[in-house]
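Okay, here's what each chain looks like letter by letter:
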Amino acid sequence: MAYITSSHVGTERASSGIVQAISEFVSAWMEASAAYAAYSALSTKSNAQLAARGLRRQDLARSALDLPALMRE
């Protein structure tokens, strides 16, 4: 019985590791998707189009990545 118990504990740890790896993969996927959204938004607009709206490329990137706006001088 001791063998079965220790084997079972090892299986729990392996399952936990797999769940953690999947969680990290999903998190990285979400961050990559946000970065791609920022790239797509930036690549379709010219500097003049952004300036007409009072925006800069940094503003679009921060917005797409859900980062707070920077203070302007």
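See the structure above.
Cut-offs and rules
- Residues numbered from 1 in each chain as written.
- Predicted model: local features only at pLDDT ≥ 70, side-chain atom pairs only at ≥ 80, totals over all residues.
- Heavy atoms only, no water.
- Helix = DSSP H or I, 4+ residues; strand = E, 2+ residues; numbered from the N terminus.
- Areas by Shrake-Rupley, 256 points an atom, 1.4 Å probe, with all protein chains shown as cover.
- Patch = residues over 30% accessible without salt bridge, like charges linked within 9 Å, V, L, I, M, F, W, Y side chains within 5 Å.
- Salt bridge = Lys/Arg side-chain N within 4 Å of Asp/Glu carboxyl O.
- Phe/Tyr/Trp six-rings, centres within 6.5 Å; stacked < 30°, edge-to-face > 60°.
- Buried < 20%, exposed > 50% of the residue type's maximum accessible area, 1.4 Å probe, protein only.

> Looking at this structure, I do not really get the overall build of the protein. What am I missing?
Each helix and strand counted, the protein has 3 helices and 0 strands in total. Secondary structure elements of the protein, listed N to C terminal, follow the sequence α-α-α. Accessible area of the protein: about 6,200 Å², with a carbon and sulfur share of 63%.

> What is the right way to look at a nonpolar patch on the surface in this model?
The grouping of Ile18, Ile22, Phe25, Val26, Trp29 and Met30 at the surface amounts to a nonpolar patch, some 690 Å² of accessible area in total. Relative to the assigned elements, Met30 resides in helix H1 (residues 2-43).

> Please clarify how the packing of aromatic side chains should be interpreted in this entry.
In this description, a pair of aromatic rings is defined by centroid distance and the angle of the planes. One pass over the structure, following the stated rule, counts 1 aromatic pair. Summarising the aromatic geometry, the rings of Phe25 and Trp29 are spaced 6.1 Å apart at their centres and angled 40° between planes, so their arrangement reads as tilted. Taken together, the positions of Phe25 and Trp29, both in helix H1 and 4 residues apart, correspond to about one turn of that helix. Trp29 shares its class with Phe25; the two are exposed.

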